[in-house]
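A closer look at the structure
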Amino acid sequence: MRDTQRSAIISTQLRQIAEQAIEHPDRVFTALIHRMDVDFLREAYYRLRKDGAPGLSGVTAKDYGKELEANLADLYERLKRQRYVAAPIKRVWIDKDGGKQRPIGLLEIEDKIVQKAVSMLMGAVYEQDFYPFSYGFREAHSAHQAIGEIRAQCMEHGIRWIYDADISGFFDNIDWNWLRTFIQQRINDGGLLRLIGKWLNAGVMEGDQITYSDRGTPQGRLWKAFHNELLCIRWGRQPVVGEPVPALYIRQMDGAGTSRHSF
């Protein structure tokens, strides 16, 4: 059963990190991973979706939860002693429109827990840097909200054209060195960076073949949100004021293609 008091303590810790990020927008955080204790891992487990497909071992969140305290204690010890090993990603294909297919990566439950914990820590910092028009993969933000904002702004400013653009092969072509360098501009915690490196180098299992790459990440990973949103911090454009034709930038981008819509 979830301990609401402990959950409140974790939420307070994350709020304190967020407040520091707001107060010191140029601060580089170097000591976050020490907060990832058993209580933090437990909270990460409870924040996970429990209906996700399992990884290669077939162990589900429900299976893991049967001996949750013992499992988390063991996971924490491996993390503390740097003996945690990221498992290969199980690749499956899902259908897309037009008869195409898209690969996604299925993780082991322990990898999901640790990635969720890292996501919580990183999110406390980066959430403060995001522009308000960015909706992709953010807590308490959704594609439906993005559509609602577009509609409201179009009605208010008489905007008649919408350009719908996606990044082709985004997750397949992420440069690892660039990703690491960009993260270090705001978070330069060696422990967190080592974990990210483990996940990047874990390999992908498809059938009975495992492959490794030096770029890109399998779609479906919990922390893909940060790959996508980090770009938004750099590339985001605030609504333009004083232009002859009002312009608005609303971001909810993931995929490939571009189109133009009129009213």
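Counting from 1, residues in each chain are numbered in the order their sequence is written. Local features in this predicted model are restricted to residues whose pLDDT is 70 or higher, and side-chain atom pairs enter the listing and the counts only when it is 80 or higher, whereas totals over whole chains, interfaces and linings include all residues. The side-chain quantities take in all heavy atoms of the structure and omit both hydrogens and water.

What follows is about the overall build of the chain. Numbering of helices and strands starts at the N terminus; helices are DSSP runs of H or I of at least 4 residues and strands are runs of E of at least 2. What the chain contains, in helices and strands, is nine helices and six strands. Residue burial in the chain is summarised as follows: out of 263 residues, 38% are buried. Here a residue-residue contact requires only that any non-hydrogen atoms of the pair lie within 4.5 Å. Taking all contacts inside the chain whose residues are at least 6 apart in sequence as the whole, residues at least 24 apart take part in 77%. Where accessible areas are quoted, they stem from the Shrake-Rupley method and a 1.4 Å probe; at the residue level, only the protein chains shown are allowed to cover. Accessible surface for the chain amounts to roughly 14900 Å². Of this, 51% is attributable to carbon and sulfur atoms. Categorising residues by exposure relies on relative accessible area from a 1.4 Å probe, with only protein chains included: less than 20% of the type maximum marks a residue as buried, more than 50% marks it as exposed, and the intermediate range marks it as partly exposed.

Think of a salt bridge as a Lys or Arg side-chain nitrogen and an Asp or Glu carboxyl oxygen that are within 4 Å of each other. Scanning the model with the defined rule gives 13 salt bridges in all. Arginine 78 serves as the salt-bridge partner of aspartate 74, at 2.9 Å between the closest nitrogen and oxygen. Here arginine 78 and aspartate 74 lie together in helix α4 (residues 68–80), a separation of four residues that amounts to about one turn. Residue classification places aspartate 74 among the partly exposed residues on the basis of a relative accessible area of 41%. Given the relative accessible area of 16%, arginine 78 is considered buried. For aspartate 129, the salt bridge identified is with arginine 186, shortest N-O distance 2.9 Å. Residue aspartate 129 is located in the loop between α5 (109–126) and α6 (143–157), and its partner arginine 186 is located in the loop between α7 (176–184) and α8 (190–200); the two are separated by 57 residues in the primary sequence. Accessibility expressed as a relative area gives 5% for arginine 186, which makes it buried. Among the charged side chains, a network of salt bridges with common partners joins Arg6, Asp39, Arg42 and Glu69.

This part takes up the nonpolar core. What makes a nonpolar core is a set of buried Ala, Val, Leu, Ile, Met, Phe, Trp, Tyr and Cys residues whose side-chain atoms join them at distances within 4.5 Å. The biggest cluster of nonpolar side chains holds 46 residues, and the ones touching the most others in it are Met36, Ile113 and Ile187. Breaking this core down by element, the ones donating at least two residues are α1 (4–23), α2 (38–47), α3 (61–65), α4, α5, α7 and α8. No other element matches the 11 residues that α5 contributes to this core. Once you skip the residues sitting within four places of it in the chain, methionine 36 turns out to touch Leu41, Tyr76, Leu79, Val114, Ala117, Val118, Leu121, Leu192 and Leu195.

Next up on the list: the packing of aromatic side chains. A pair of aromatic rings is counted whenever rings of Phe, Tyr or Trp (Trp by its six-membered ring) have centres within 6.5 Å, and the orientation is called stacked for planes under 30 degrees apart, edge-to-face for over 60 and tilted otherwise. Counting across every chain of the model gives three aromatic pairs. Their ring planes at 70° and their centres at 5.4 Å tell us that tyrosine 45 and tyrosine 46 sit as a pair that is edge-to-face. Here tyrosine 46 falls in the partly exposed class, since its relative accessible area comes to 22%. Considering the side-chain rings of tyrosine 45 and tyrosine 64, the 6.4 Å spacing of their centres and the 35° angle between planes classify their relative orientation as tilted. Residue tyrosine 45 is found in helix α2, and its partner tyrosine 64 is found in helix α3; the two are separated by 19 residues along the sequence. Three or more aromatic residues joined by ring pairs make a cluster, and in this case those are Tyr45, Tyr46 and Tyr64.

Its place among the elements puts arginine 42 in helix α2. Side-chain atoms alone can form a polar contact between residues adjacent in sequence; in general such a contact is a pair of N or O atoms within 3.5 Å, and within protein one must be able to donate a hydrogen while the other accepts it. A polar contact of 2.6 Å, which involves the side chain of arginine 42, links it to the side chain of aspartate 39. With residues near it in sequence (within four places) discarded, arginine 42 still touches Arg6, Leu68, Glu69 and Leu72.

Before going further, it helps to examine the pairing of strand β1 (residues 89–95). DSSP-based pairing: two strands are paired if at least 2 bridges between them are found. Pairing of β1 with strand β4 (residues 204–206), which is carried by two bridges, proceeds in the parallel orientation. By the bridge assignment for β4, isoleucine 89 is matched with valine 204. Pairing geometry for β1 and strand β2 (residues 101–106), over six bridges, is antiparallel. For isoleucine 94, the partnering residue across the bridge sits in β2 and is arginine 102. Here β1 folds back onto β2, and the loop between the two strands holds five residues, one of which, glycine 98, carries a positive phi near 80°.

Our next topic: the sheet that holds β2. Strand order in the open sheet formed by four strands is β2-β1-β4-β5, with mixed pairing between adjacent strands. Edge positions in the sheet fall to β2 and β5 (209–211), since each of these pairs with one other strand and no more. Strand after strand, the sheet turns through a mean of 40° between neighbouring axes, direction not considered. Relative to β5, β4 is paired through three bridges, and the arrangement is antiparallel. When the sheet's bridge partners are listed, methionine 205 is paired in β5 with isoleucine 210. Note on geometry: axes are lines fitted to C-alpha atoms, helical ones only across the stretch in contact, with angles between N-to-C directions running from 0 to 180 degrees.

Turning our eyes to something else, we now look at the confidence of the model for the chain. Looking at the chain as a whole, its pLDDT mean stands at 83, while 82% of the residues score no less than 70. You can read pLDDT as the predictor saying how much it trusts each residue, on a scale of 0 to 100. By mean pLDDT, the top-scoring element of the chain is α4 (98), and the lowest-scoring one is strand β6 (residues 257–262) (45). The low-confidence segment residues 253–263, where pLDDT is below 50, has 39 contacts with residues more than four positions distant or belonging to other chains.

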